[in-house]
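Summary of structural features
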Amino acid sequence: MSFGGPSEPQHSPPPAQPQHSQQPNSQQQYAQSPYTPAQFNQQPVYASALAQPTNYSPPAPAAPAPAGALPMLPVPSKKGRTVSIWLFGVLGFALVALIGYFVWALGVFASGMGLVLALIPLAIVFLGVHIIDRWEPEPKLLIVFAIAWGGIAAVGLTLLVDLGITLAVGMRSEVLSAVIQAPIVEELAKGLGIFIIFLIGRRAFDGPIDGIVYGALIGGGFSFTENIQYFAISLIEGGGEQLTATFVMRGLLSPFAHAMFTALTGFAMGLAARRSASKGAVLGAGLLGLLGAIILHGFWNGSATFADFFALYITLQVPLFIGFILAIVALRKEEARVTRERLGDYAAAGWFTPEEITMLATPAGRKVGLRWAASLRGDRRSLMKSFIKDAAALAAVRQRAIVGRDPLAADDERALLTRTQATRAALLAY
């Protein structure tokens, strides 16, 4: 369909009336006549005495169909925003080996029960990430890679390192393994995944929010696989009662633990990426964030080993989590400010109105825009969502162009401007 106004409906002229020699009927005779044209055989009802009968009334024009889906539109380049199939191939082989290990060590039933229960905290993490990154979602392949790296590669590397240390120095105490070895090895393995995403998806790694998203996804994937093991072991060793306790503590009370640890590493890398730092500088910033992740992870594990876990959970860990949420809220406000500023450049050039900038760049404006789109014929919220997301992506492209770190920014800018203009036209179409 076109995005312009609807064309004028075409009506066939009324059929010619036969000629008669007698005088024309009076209005009263015509009104009492049983004859009406076949296509208009419904007796008219006149609202008042002033309403005059006519030979016939043409039908009202048919209402146009609601705005449909947009036609094929240009899309930004995927270069620097995707993952090589070879990396997924390597992860696929590692997944087969990991499945074999779980089946051999824990059995099919216990592993299956652990997997089903582990899906619940994973879904909670996904919901949190969706809330953070709703209007500028990361490329789907990078999201899948982040989860797969955390759930497969990071876990596999941790198991290999643990096996190597065991062969080299023998068994360690549980305290040494949980409080020192686990935080260092696990956070290193997860942090490596964030840096790989930065290298292969540089054009989708725009700032600290992106780093937090990738870190949280990797941490959530790692926690998913680790939970399968913990839940299965609890079922084997203590039955349903121990399994319930473990599920409550790991699945309900602390689903964001690993996501929060690794998000610190991602935040540091994203902050450096926003400033257009080199690969070495991003790696250096990531190491600083990694140090914080290791300390927080070690403290978390130590609270369960050396002290009353629930007392520390209420008095210290819950406040830390609340502080983490408040930090994300502050970062989102900063992202909204940058988005509004960059879209303001296009408003100055005539691409958007000031009112549209408020609607596209602020949480309150987006809510108002969605309510307005829902009131349009055909409920055009899907078009409004596309409008908002493309505008957010356009602002990110503009930011990358300003700092000079995206050679494809001009092409993406043209594609996104075309998309936003077409979406606006579809929204406003009658």
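Sequence positions are assigned chain by chain, starting from 1 and proceeding in written order. Residue-level local features of this predicted model are given only where pLDDT is at least 70; pairs of side-chain atoms are given and counted only at 80 or more, and the full residue set underlies all totals for whole chains, interfaces and linings. Side-chain measures here rest on the full set of heavy atoms in the structure, leaving out hydrogens and waters.

1. Here's the deal with the side chain of aspartate 390
Selection rule: Each helix is a run of H or I in the DSSP string that is no shorter than four residues. Each strand is a run of E no shorter than two, and both are numbered from the N terminus. Partly exposed describes any residue whose relative accessible area lies between the buried limit of under 20% and the exposed limit of over 50%, with all areas from a 1.4 Å probe on protein chains only and scaled to the type maximum. Here a polar contact is taken to be a pair of N or O atoms separated by no more than 3.5 Å, where protein atoms must pair a possible hydrogen donor with a possible acceptor and residues adjacent in sequence count only if both atoms sit in side chains. Residues count as neighbours in contact if any of their non-hydrogen atoms are within 4.5 Å of one another.
Mapped onto the secondary structure, aspartate 390 falls in helix 12 (residues 381–403). For aspartate 390, a relative accessible area of 10% translates into the label buried. Side chain to side chain, aspartate 390 and arginine 419 meet in a polar contact 3.1 Å long. Among all residues touching aspartate 390, those that are not within four sequence positions of it are Leu416, Arg419, Thr420 and Thr423.

2. A closer look at a nonpolar patch on the surface
Condition: Each patch groups residues whose relative accessible area exceeds 30% and which form no salt bridge, using 9 Å between like charges and 5 Å between nonpolar side chains of Val, Leu, Ile, Met, Phe, Trp and Tyr. Exposure was quantified through the Shrake-Rupley algorithm and a 1.4 Å probe, taking into account, for residues, occlusion by the shown protein chains and nothing else. The working definition used for a salt bridge is a side-chain nitrogen of Lys or Arg within 4 Å of a carboxyl oxygen of Asp or Glu.
Where nonpolar side chains cluster on the molecular surface, the patch consists of Leu95, Ile99, Val103 and Val108 and spans about 340 Å² of accessible area. Here the element with the most residues in the nonpolar patch is helix 2 (residues 85–106); it accounts for 3 residues. Here isoleucine 99 falls in the partly exposed class, since its relative accessible area comes to 47%.

3. Things to note about the UniProt feature "transmembrane region" (unreviewed entry) in the chain
In plain terms, the rule: UniProt positions are given in the numbering used here, feature names are shortened, and annotations may be inferred rather than shown by experiment.
Under the local residue numbering, the UniProt record ascribes the feature "transmembrane region" (unreviewed entry) to residues 83–103, 109–129, 141–169, 175–200, 212–232, 252–273, 280–300 and 306–331. Secondary structure content for residues 109–129 is 100% helix and 0% strand, while the C-alpha to C-alpha distance between its ends is 31 Å. Annotated as residues 141–169, this span is 100% helix and 0% strand, and its ends, taken at the C-alpha atoms, are 40 Å apart.

4. Digging into the packing of aromatic side chains
Note the following rule: Only the six-membered ring of Trp is used, alongside the rings of Phe and Tyr, when aromatic pairs are assigned; centres must lie within 6.5 Å, and planes under 30 degrees apart are stacked while those over 60 apart are edge-to-face, with the rest tilted.
Considering all chains together, one arrives at 11 aromatic pairs under this definition. Between phenylalanine 261 and tryptophan 300, the aromatic rings sit 6.0 Å apart at their centres with planes inclined by 70°, giving edge-to-face as the arrangement. Residue phenylalanine 261 is located in helix 7 (residues 257–274), and its partner tryptophan 300 is located in helix 8 (residues 279–306); the two are separated by 39 residues in the primary sequence. A residue is classified by how much of its surface remains accessible, and tryptophan 300, at 15% relative accessible area, is buried.

5. Some remarks on the packing of helix 6 (residues 208–252) against helix 7
When two helices pack together, their arrangement is given by the angle between the helix axes and by the axis-to-axis distance. The line we're drawing: Only C-alpha atoms enter the line fits that serve as axes; for helices the fit covers just the stretch in contact. Angles between N-to-C directions range over 0 to 180 degrees. Angle categories are assigned with fixed cut-offs, so that under 35 degrees is roughly parallel, over 145 is roughly antiparallel, 65 to 115 is roughly perpendicular, and the rest are oblique. By definition, turning the near helix anticlockwise from the far helix through less than a right angle yields a left-handed crossing, and turning it clockwise yields a right-handed one. Residue polarity follows a fixed list, in which Ala, Val, Leu, Ile, Met, Phe, Trp, Tyr, Cys and Pro are nonpolar, Asp, Glu, Lys and Arg are charged, and the others, Gly among them, are polar.
Packing of helix 6 against helix 7 brings their axes to within 6 Å, and their N-to-C directions diverge by 155°. The angle between helix 6 and helix 7 falls in the class roughly antiparallel. The two elements helix 6 and helix 7 meet at a crossing, and its hand is right-handed. On the side of helix 6, the interface is formed by Pro208, Gly211, Ile212, Gly215, Ala216, Ile218, Gly219, Gly220, Phe222, Ser223 and Glu226, while helix 7 contributes His258, Ala259, Thr262, Ala263, Gly266, Phe267, Gly270, Leu271 and Arg274. In terms of residue class, the contact of helix 6 with helix 7 is made up of 9 nonpolar, 9 polar and 2 charged.

6. Concerning the nonpolar core
Keep this limit in mind: Definition used in this section: a nonpolar core is a set of buried Ala, Val, Leu, Ile, Met, Phe, Trp, Tyr and Cys residues joined via side-chain atoms within 4.5 Å.
With 62 residues, the main nonpolar core has Leu91, Phe145, Trp149, Ile197, Phe205 and Tyr214 as its most contacted residues. Mapped by element, the contributors of at least two residues to this core are helix 2, helix 3 (108–132), helix 4 (140–169), helix 5 (174–200), helix 6, helix 7, helix 8 and helix 9 (309–348). At 14 residues, helix 6 tops the list of elements feeding residues into this core. If near-sequence neighbours (up to four positions away) are discounted, tyrosine 214 is found in contact with Glu138, Pro139, Leu142, Ala146, Ile197, Ala204 and Phe205. If you look at the next biggest cluster of nonpolar residues, it comprises 23 residues, including Phe387, Ile388, Leu394 and Val397.

7. Thoughts on the packing of helix 3 against helix 6
One way to put it is that helix 3 packs onto helix 6 with a least axis distance of 7 Å and a crossing angle of 145°. Considering the relative orientation of helix 3 and helix 6, their crossing is right-handed. Residues that form the contact of helix 3 with helix 6 fall into these classes: 27 nonpolar, 6 polar and no charged.

8. Section: unusual backbone geometry
Note: most residues except glycine have negative phi, and most peptide bonds are trans. With phi around 55°, aspartate 379 is a residue other than glycine that occupies positive phi space. Here aspartate 379 is to be found in the loop between helix 11 (363–375) and helix 12.

9. Section: the environment of serine 386
Tracing the chain through its elements places serine 386 in helix 12. Note on serine 386: relative accessible area 29%, which makes it partly exposed.

10. Here's the deal with the environment of alanine 391
Relative to the elements of secondary structure, alanine 391 occurs in helix 12. Between the C-alpha atoms of alanine 391 and isoleucine 357, which are 34 residues apart in sequence, the distance is 9.0 Å. In contact with alanine 391, not counting residues within four places along its chain, are Leu343, Leu360 and Thr420.

11. Here we look at the side chain of threonine 158
With respect to the helices, strands and loops of the structure, threonine 158 is situated in helix 4. There is a polar contact of 2.8 Å between the side chain of threonine 158 and the backbone oxygen of alanine 154. For threonine 158, the residues in contact, after removing those within four places along its chain, are Val185, Glu186, Ala189 and Phe222.

12. Describing helix 10 (residues 354–361)
Taken as a whole, helix 10 has its buried residues at Glu356, Ile357, Met359, Leu360 and Ala361. The secondary structure elements touched by the buried residues of helix 10 are helix 9, helix 11, helix 12 and helix 13 (409–428).

13. A few points about the pattern of salt bridges
Enumeration over the complete set of coordinates arrives at 15 salt bridges. Across the pair aspartate 412 and arginine 203 runs a salt bridge, and its minimum N-O distance is 2.0 Å. Taken together, the positions of aspartate 412 in helix 13 and arginine 203 in the loop between helix 5 and helix 6 put the pair 209 residues apart, joining distant regions of the chain. As a salt-bridge pair, arginine 400 and aspartate 412 come within 4.0 Å of each other at their nearest N and O atoms. In this pair, arginine 400 sits in helix 12 while aspartate 412 sits in helix 13, placing the two residues 12 residues apart along the sequence. Across the pair, exposure class does not vary: arginine 400 and aspartate 412 are buried alike. Taken together, the shared-partner salt bridges in this structure form one network comprising Glu334, Arg337, Glu341, Arg342, Asp345 and Arg398.

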